Structures are given as C-alpha cells and as structure tokens.
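A look at the structure
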Number of protein chains: 2
Amino acid sequence: MSGSAHRFIGFPIQRPTLLLDEARAKRNIARMVEKARRAGVHLRPHFKTHQSVEIGAWFKAMGVESITVSSVEMAEAFAEAGWTDITIAFPVNLPQLDSIRTLASEIDLGLLVDAEASAIALSEIPSSGLNVWIKIDAGYGRAGVPWDDTEKIAVIAGILRRSPKTHFEGILTHSGHSYHQRSRDGVLAIHTESANRMKSVKTALLERGHTGCKISIGDTPTSVLADDFSGIDEIRPGNFVFYDLMQRAIGSCGDDEIAVAVACPVVGKYRHRRQILIYGGAVHLSKEHLLVDNEQDIFGCLSLIPAESLGSPDWRAPLVSLSQEHGLVEVTEEIFNDLSIGDVVLVLPVHSCLTCDLHREYWTLGGARISRI
Amino acid sequence: MSGSAHRFIGFPIQRPTLLLDEARAKRNIARMVEKARRAGVHLRPHFKTHQSVEIGAWFKAMGVESITVSSVEMAEAFAEAGWTDITIAFPVNLPQLDSIRTLASEIDLGLLVDAEASAIALSEIPSSGLNVWIKIDAGYGRAGVPWDDTEKIAVIAGILRRSPKTHFEGILTHSGHSYHQRSRDGVLAIHTESANRMKSVKTALLERGHTGCKISIGDTPTSVLADDFSGIDEIRPGNFVFYDLMQRAIGSCGDDEIAVAVACPVVGKYRHRRQILIYGGAVHLSKEHLLVDNEQDIFGCLSLIPAESLGSPDWRAPLVSLSQEHGLVEVTEEIFNDLSIGDVVLVLPVHSCLTCDLHREYWTLGGARISRI
C-alpha cells in the first residue's frame, strides 16, 4: 500500500485542491430522487452545498425542477442558469428587497418570513407574485416562529393572505438538531416530532380559515433515514449530494458515499510525535470539527486506499489540528513510514458544505474542472 | 442609543460585508514599526492576515521593505505588486518547485525547510539564489525540527551550506502556543523560552562551524508584549494589523485597536430566548471560536456604540451560534428592544486572519473598496 494520492489521481496536484467523485455524487442524487418519488414527496434540493451550475444540471437531468438556495446571490446565479422555481430558505433579508423584487418578476421565487415586520414589508412591495412561507421553529431553536405560538403564526398568515402582493405558500422548517444525533433512532425521533408539530400548526391554521397550507421540511439526516412522509408536501435536503464525516457519524451515509475530498501535499514529518504536516488548513477545510468516539476532536480524516474513487476514511489517520494553512495528521507507524514529503494525501471533510464554500472550483478524479458560482 | 450600524456607516449595507477601520489599521502598523525600530529588530510583517496590495502599500509607506507570506501564490501576488524581499513562512511545498524557481529568479525569496529531504530537493534545484531558513519547533509542536535535535538541524544546515544553489539564512520559529495564553506574563514566558532555545540552537550550530545564522521569531502576542529582543534578528507578526477578539483575550490589544468587523443585517428576533438572528455565518466569519470567562464559546461579538470607528466589543451581545449563513446573538432586553429586522449590526471577529480570508474585498468606513489578492 502507498498512501500517496499520486497513484490514482489523473493529474498533478500542486496545492490544496477540492476533488469531486462524480460517480458517487451522481449516485447520491439518483438515490434521493428515487427516495422522494417512492415516498410521494416533492424534492426541492438545497444547492448551497455544491453551488455549481454544472452539478445543478446533474439534478435537472434526473428530473429535479425546483431548488432551494440560501442567499439572493445564489438565487440570481441559478436563475441565470435557467432554474425557474427557487426558494431562498433564509429569513427574508430586507436590505435586498430591490433585488428580490427583480428576481420575483423573472422566476417563481419562494421566500421565508418569521416576523410580522417582514411579512408587512413583503406585503407592501411594489410587485407581485411572491410565494411566501412562514418559517417555523419545530425544535431546532435557530430561526422561525415557535411551532406552538399559533397566534403569531396565524397573524403572519393573515398578513400574507390579505395582501395581493404575496401568496401564502405554507409552513417550512429545518430540523438542524438532527445533526446532534448519532443514531438512526435519534434522527427518526426528531423527524417524527418535527413532522407532527408541523401538521399540528397546519391544523391550527385550518381552524382559523387559512387553507392551502403546504408543509416543507427536510434536512439530510431525516430525509435519508425516514420513510414516512405522510402529510408532508416537500423535502429540502442538500448535503446528501456529497455527504461528509459528520453525516457518516450521524448515520446518514456510508463510507463509499462521501463524494468530496481535499487533496493536500505532505510538507512535514515528525517522527517523535508520529504526525505528518499537510498543506491544508482552515482556509481549505474550514474549522468545523467532529468529536469522535467521545474523546477526540477531528477536522477531517485521510483516505489512503488507492482506488478509482475517493476511498474511505482511514481512522488511523485523523486530522487533529488545523491552523490557517497547516494541518496535522496523527498516523500509525506504518502510515508514517509510507508517506514522504511531496506526496499528496486526500482529506475527507467534516462538513462538506463549508469545505466546498472555501474553493472556487472542483476537479473530478479524471481531471475535469467544475466551476462554482 | 441605537444598535444599528446604519447610523454611522457612510454607505448602504445589503449583505455580510467586511469593514475596515483604516485609521486603526494604520495606527496598528505605525506602532509595530516604531516598536521594532526601538527594539533594534528587523520587522518582516506577515501579510497573510490582510492579503491586500493596497494595505501592503500602507506598510511600505512606513518604511517596511521585506515581508512574510504563507503560500507561493501570495508571494507571486506581492512580487507582482513590487515587493522584492519575501519569505514564504511555510515548510517548502515540493510540488510547487517550478513556480518557486521562477519566483526566486525575480526577487529575494526566503524559504523554510525542516527535513533533510526538502533541503536536498532545494540544493538540487536548477537555479540559484534561494535563501533558506531551517524551521525550528521551539515548543509549539506544529512544524519544525525540535529545537533540541541539534544533530538533525546541523545536518540540514550542512546540506544547505554545501550546495551552491542555496544560501543558509538561519533559523526561524513561530511560537503559536502564545495564543493559548491569557496573560502578559504567560506570553512573556513563552517569548523568553523560545528566544533562549533559538539562541542555544544558534550556538550549537556555531560550535559545528555554521556561521552567519540569523534568528527569526515572532507571532503577534510576543511581538507586541515583549520588549527584549536581544540576539534576535527579525520578527514576523501579522495579525497586529487588524487584531481581533482572540488577541484581546490574550492581552495583545485593546478594544479600540480591533480594525475589522463584518457588517450583518438583522433577519430575525426571538423574544422568548432573547436572541437576534443575523445574516452572517461560518462562510462570512469562520467557525473559529473563543472561550470567554471559562464558560461560553463565542464566534464573535457585536459592537454597538455609534462612532466614527468600529467601536468596541459589547459583551452584552455575543455571537453564540453559527451555521453556514446564520448567526445567533444573545442580547440583553435593552439591546433586543433596540434592534429591528433590517437593521445592520457590526460583528467583531474572533480571528481576523480567517474572517478576512473569506471575503474578496474590504470596505472602509467611508465607503472605499479595498481589494484582496
């Protein structure tokens, strides 16, 4: 065995480079498309993970017509690329109302509000055709009206329904606390709780005369692990296109589904602490960390098995420390002896969304460049 | 008082925007230049913090002639901008030898090695004029030959001195463990220990006939807090140009020296948990965190005092949670009531190097754009 990625990457790596396993990503997309079809739920994948027009086209080729993004700029870029049904899954940012209005005149634009003030601002916009969701906090505790604050939710729905400028789409949540789970049962418990809370909000709105309320949910863990989507209209997972070590720890993916890695040159070897230094730091991977086996915080893990893919995390080689450009990998004696300065190793990321955001482009294993917006 | 930055920023903010307090940054540079002059030590500031040709020119205007960078690409960009004396303070990355050779033919280029293999590779390069430092680990435990491994250090010095291609510059260290200190005494203890260890390495090399060995040290905390630089040839601090909450916690700077902040729109308010949601997340600030008062991990802190500057951290408003684009700020009742959705707040960063790396440009408080390489 040799740990150097030189052996199987089809082009020379000079510096930290984001690699994409195209076959895995396409398989991940196909599986989620099929899963949603089988479950009878509309799939509106979140594109903030890949932020690439080319990768977006892979989704379109598999029948995806509507997408989620997290900023006005992303919505503009994907609208430019031909997407006509886009939800910005972030509480509406009022300083960008002018751009939002322009965009809404060109495509079916979905927006989120979780405050009366935002709903009023949208209801007074000199434009029309805004599809507005009320963001609900179903337990995560980040954004959204608390699911049991029926009064406030109904007031916002009323504002949206009374205005000729806005169309009340329904209620939307993101159960990000599924990321804290480390078992299928834990994720399913959150899914069931969130789905039930959303359905109870819908019922409460119906009782107040607010009909036509759709329900949108769906982070990657619950979308992958749950099977029961009865009463749910759409799901919006994003990370599943690439997965990462965190999803693996949660149980959402297997080793052979992680579709991105950062190729990093080895620049130092320190035998007395059995560590290798790589050119690959916080500006290439992000400082997102993951507690492994309840004892060690890691920032990534090497994949060392030569294959026609990105391989699997090799737990004998975790990335244990990260500064701006430096990464320290703790390795076994065998791996230490096998690696030389100048070799290139692959780092599987803790959180692919943040890692990919740090790079301007992807390179497939065959050496093709894929750009990011 | 109003917390909204609208009141004093001279231009409209629509999305997370990196602001630069030009007066503070220039004062920070002037103080360090004066400090080095007084201490009789050569200043080779690290430009990885700002990565801006325009800001680099402020240093040049104050007499700085030589700089430090952390990558070949940064060295190329600053060489292009007219800098002729650049040290790449990162163990030499062998896959980039071709670019390094080209650069070395154009400017005075300093490189780092901490392994025989790297020294041999440089000694065989078909070029000449490489100024090579041996990187020493004086206690930090990241990169470098351990300071007490005199044998290995001497072997590398021998390789460099025997080759007509390389010029042995001296020994260089970065005492990054000063960042773990939270007192002046703690930082000074590290400074003294590192400086003494470096001097003992120099003596050991001299005893083996290796003359002309310079000593280069200097992170921001030790460069700011220490006064005794006897026997030291140069210092390489970088962060001091902007400082940040971490430097403030270490004791390297005061509140009124932090020179960058990210302006973020308020997008949500949650009275039941007294939190405000800002459009500003890991992709705008980085996930670098700081333990405050030994109990709370924060990702930034608001500055809420209107003034002709970036103000001061207001500890009634720490940033307690961060995801890709979302940031949650825990605030007092008074601040909660004072802020409205659509307002813009300023977030002082935990680690300015990582925050600035996430942005393509700076905006001065007067509304001038400053580009990054």
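Now for a quick tour of the structure. (Residues numbered from 1 in each chain as written. Chains lettered and ligands numbered in written order. Predicted model: local features only at pLDDT ≥ 70, side-chain atom pairs only at ≥ 80, totals over all residues. Heavy atoms only, no water.)

Notes on the environment of V187(A)
All names here are of chain A. With respect to the element layout, V187 can be found in helix α7 (residues 184–207). Taking the C-alpha atoms as reference points, V187 and T355, separated by 168 residues in sequence, lie 24 Å from one another. Beyond its immediate stretch of four places on either side in the chain, V187 contacts S178, Q181, P221, T222, L225 and I250. (Helix = DSSP H or I, 4+ residues; strand = E, 2+ residues; numbered from the N terminus. Contact = heavy atoms within 4.5 Å.)

Overview of helix α6 (residues 150–162) of chain B
End to end, α6(B) covers 18 Å across 13 residues, agreeing with the expected 18 Å (1.5 Å per residue, within 8%). Among the residues of α6(B), those classed as buried are I153(B), A154(B), I156(B), A157(B), G158(B), I159(B) and L160(B). (Expected span 1.5 Å × (residues − 1). Buried < 20%, exposed > 50% of the residue type's maximum accessible area, 1.4 Å probe, protein only.)

What about the pairing of strand β17 (residues 326–330) of chain B?
Residues and elements named next belong to chain B. Counting buried positions over the five residues of β17 gives four, a clear majority of the element. Of the pairings in the sheet, the one linking strand β12 (residues 275–279) to β17 comprises five bridges and is antiparallel in character. Along β17, the bridge assignment pairs L277 with L328. As paired strands, strand β16 (residues 319–322) and β17 are joined by three bridges and run antiparallel to one another. (Pairing = 2+ DSSP bridges.)

Quick word on the pairing of strand β18 (residues 344–349) of chain A
Two faces, one strand: in a regular strand the side chains alternate between the faces of the sheet. All names here are of chain A. Among the six residues of β18, six are classified as buried, and the element is accordingly described as predominantly covered. Side-chain alternation along β18 places V344, L346 and L348 on one buried face and V345, V347 and P349 on a second face that is also buried. Two strands pair when backbone bridges link them, and strand β11 (residues 260–270) and β18 are joined in this way by four bridges, in the antiparallel orientation. Bridging from a neighbouring strand, C264 pairs with V345 of β18. Summarising the sheet, strand β15 (residues 300–303) and β18 pair through four bridges and their orientation is antiparallel. Paired with L302 across the bridge in β18 is V347.

Looking at the interface of chain A and chain B
Across the boundary between the two partners, chain A contributes 51 residues, which contact 51 residues of chain B. Interface area for chain A against chain B, summed over the two sides, is near 4300 Å², with a carbon-plus-sulfur share of 55%. Broken down residue by residue, the surface that chain A buries against chain B is led by F90(A), R142(A) and Q324(A), which jointly contribute 16%. The interface formed by chain A and chain B includes six salt bridges. Here D137(A) makes a salt bridge to R273(B), at a shortest N to O gap of 3.4 Å. Taken together, the connections running from chain A to chain B amount to 26 residue pairs in polar contact (both at pLDDT 80 or more). Counting only elements with at least two residues in the side of chain A that touches chain B, the list comes to α3 (72–80), β4 (85–91), β11, β12 (275–279), α10 (282–285), β17 (326–330) and α12 (352–357) of chain A. Taken together, the residues of the side of chain A that touches chain B break down into 23 nonpolar, 17 polar and eleven charged. (Buried area = accessible area lost by both parts, 1.4 Å probe. Salt bridge = Lys/Arg side-chain N within 4 Å of Asp/Glu carboxyl O. Polar contact = N/O pair within 3.5 Å; in protein donor to acceptor, adjacent residues only side chain to side chain. Nonpolar A, V, L, I, M, F, W, Y, C, P; charged D, E, K, R; others polar.)

Description of the relation of the copies chain A and chain B
Least-squares fitting of chain A to chain B yields an RMSD of 0.0 Å, with the transformation described by 0.0 Å of translation along the axis and a rotation of 180 degrees. With respect to symmetry, the two chain copies, as superposed, fit the operation of a two-fold axis. Rotation axis and chain A: the residue whose C-alpha lies nearest the axis is K287(A), separated from it by 2.7 Å. (Least-squares fit on C-alpha atoms with pLDDT ≥ 70 in both.)

A few points about the packing of α6(B) against helix α7 (residues 184–207) of chain B
All names here are of chain B. As a packed pair, α6 and α7 sit with axes 10 Å apart at the nearest point and diverge in direction by 60 degrees. Of the possible angle classes, the one that applies to α6 and α7 is oblique. Note on packing geometry: the crossing formed by α6 with α7 is right-handed. Contact residues: α6 offers T150, I153, A154 and A157, while α7 offers V201, A204 and L205. (Axes fitted to C-alpha atoms, helices over the stretch in contact; angles between N-to-C directions. Parallel < 35°, antiparallel > 145°, perpendicular 65-115°, else oblique. Left-handed = near helix turned anticlockwise from the far one by under 90°.)

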